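Notes for the structure review
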Amino acid sequence: MKVLQVFRRIVCVFLDFMFKSCSICSWAASAQLLFLVALLSGLISADILPQTITAYVNETVTLPCSIPADEELPTVEWSKEGLSQNITILYRDGCETFGMKNSAFRYRTNLVLDKLKDGNISQIIYNLRLSDRGRYQCRTLRGRRWQVHAMLELKVVAVSEPKLTVVPTTGVDGVTLECKAVCWFPEPEVTFQDDEGKEIKANNPTRVSHSTECLTVTRKANVQTPINR
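Under an unreviewed UniProt entry, the name given to the protein chain is Ig-like domain-containing protein, and the organism recorded is Xenotaenia resolanae. Check the Subcellular location (unreviewed entry) section of the UniProt entry for the protein chain; it says "Membrane".

Here it is in structure tokens:
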């Protein structure tokens, strides 16, 4: 800690010298110097690169985070950006604290309890929802100092098996096929192909939005020429 304070002092003196000795300093150079000051002040974690994890609705996902193993486990906090009450799990003094936890994650998040002693403070999210997608942050508190250990972007995907049916029609030559993809996210691209891989011309798809944020996409194609499959 003392070494870091001395280093910060040296940098501050250096910056003061630079600003006093330079008659003209570009905006870009100033921005870089301010970034360095913020980094040394603990406001930015330059060594933390966001990871991206993709998972499916209703599944269980583990967001990885680890710290050096120690006899005393610090306070562990997981949070999600964009929420007024952003804490998804708070663990301190050997147990989880529920008072500050976002209600949407109640009973759906946990730590890997049997691996805490090894420094594994990964967060488990059960029964994934589309609304769980977003950026999460893992950090610890020792004394009065917070330290960020991981930032993760969680992408949640909803899929189902597309249903292909023959739709009865009147006054139309050939056969009308309908393909329906129920509750998908992101929106799927629905196409028809014959057994030779050639695309069959189809109508514009129709979309229905659900309260769960997924989409049901339906598309029809009229087959007027004989094909095998």
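A few words now on the side chain of T218. Here T218 shows up in strand β15 (residues 215–223). For T218, a relative accessible area of 13% gives the class buried. If we skip the residues at most four places from it in the chain, T218 touches E178, C179, K180, P205 and T206.

For the rest of this paragraph, the subject is the state of the cysteines. Disulfide: a covalent bond connecting the sulfur atoms of a pair of cysteines. Enumeration according to the criterion identifies two disulfides in this entry. In this model, C183 is linked to C214 through a disulfide, with the two sulfur atoms separated by 1.9 Å. For the disulfide bridge between C183 and C214, the dihedral angle about the S-S bond is near -95 degrees, and by the sign convention the bridge is left-handed. Pair noted here: C183 is in strand β11 (residues 175–184) and C214 is in the loop between β14 (206–209) and β15, with a separation of 31 residues, a long-range link. Exposure remark for C214: the relative accessible area of 0% places this residue in the buried category. Numbered by position along the chain, the disulfide-linked cysteines of the protein chain connect as 1-2, 3-4.

This next bit is on the pattern of salt bridges. All told, the structure shown has nine salt bridges when counted by the stated rule. Between D132 and R108 there is a salt bridge whose closest N-O contact spans 2.9 Å. Of the two residues, D132 sits in the loop between β7 (123–125) and β8 (134–142) while R108 sits in the loop between β5 (95–96) and β6 (109–111), which places them 24 residues apart along the sequence. Of the two residues examined, D132 and R108, each falls in the buried class.

Here five bridges tie strand β10 (residues 163–167) to β11, and the two strands are oriented antiparallel to one another. Note on β11: the bridge partner recorded for L164 is C179. Examined bridge by bridge, β11 and β15 share eight bridges and lie antiparallel to one another. In the sheet register, E178 faces β15, and the bridge partner there is K220.

Given two aromatic rings, their pairing is described by the distance between the two centres and the angle made by the two planes. According to the stated counting rule, one finds one aromatic pair in the structure shown. A centroid spacing of 6.4 Å and a plane angle of 90 degrees characterise the contact between F105 and Y136, whose relative ring orientation is edge-to-face. Placement of the pair is F105 in the loop between β5 and β6 and Y136 in strand β8, with a sequence separation of 31 residues. Each member of the pair F105 and Y136 is classed as buried. One cation-aromatic arrangement involves R139 over W146; the distance from NZ or CZ to the ring centre is 3.7 Å.

Our focus in this paragraph is the layout of surface pockets. With a probe scaled to a water molecule rolled over the atoms, the places where space remains empty come into view. Taken as a whole, the second largest pocket spans an internal volume of roughly 200 Å³. What lines the second largest pocket is a set of 13 residues, among which V57, L130, A158, C183 and T212 lie closest to the centre. Of the residues assigned to the lining of the second largest pocket, the class counts are eight nonpolar, three polar and two charged.

Within a beta sheet, neighbouring strands are joined by backbone hydrogen bonds and run either parallel or antiparallel to one another. Taken in spatial order, the four strands of this open sheet run β10-β11-β15-β14, and their pairing is antiparallel. Unpaired on one side and paired on the other, β10 and β14 mark the two borders of the sheet. For this sheet, the mean inter-axis angle between neighbouring strands, taken without regard to orientation, is 20 degrees. In this structure, β14 lies alongside β15, joined through four bridges in antiparallel fashion. Residue pairing for β15: S209 is matched across the bridge by L215.

Strand order in the open sheet formed by three strands is β2-β7-β6, with antiparallel pairing between adjacent strands. The open sheet has two free edges, formed respectively by β2 (61–63) and β6, since each of these has just one partner strand. In this sheet, neighbouring strand axes are inclined to one another by 25 degrees on average, regardless of whether the strands run parallel or antiparallel. The pairing of β6 with β7 spans three bridges and is antiparallel. Residue pairing for β7: N110 is matched across the bridge by I124.

Cut-offs and rules
Residues numbered from 1 in each chain as written. Predicted model: local features only at pLDDT ≥ 70, side-chain atom pairs only at ≥ 80, totals over all residues. Heavy atoms only, no water. UniProt positions renumbered as here; feature names shortened; annotations may be inferred. Helix = DSSP H or I, 4+ residues; strand = E, 2+ residues; numbered from the N terminus. Buried < 20%, exposed > 50% of the residue type's maximum accessible area, 1.4 Å probe, protein only. Contact = heavy atoms within 4.5 Å. Disulfide = S-S within 2.5 Å. Salt bridge = Lys/Arg side-chain N within 4 Å of Asp/Glu carboxyl O. Pairing = 2+ DSSP bridges. Phe/Tyr/Trp six-rings, centres within 6.5 Å; stacked < 30°, edge-to-face > 60°. Lys NZ or Arg CZ within 6 Å of the ring centre and 35° of its normal. 1 Å grid on protein atoms, 1.4 Å probe; cavity = no way out; pocket = protein on both sides within 12 Å on 5 of 7 lines; lining within 4 Å. Points joined across faces, edges and corners; volume = space filled by probe spheres on them. Nonpolar A, V, L, I, M, F, W, Y, C, P; charged D, E, K, R; others polar. Axes fitted to C-alpha atoms, helices over the stretch in contact; angles between N-to-C directions.

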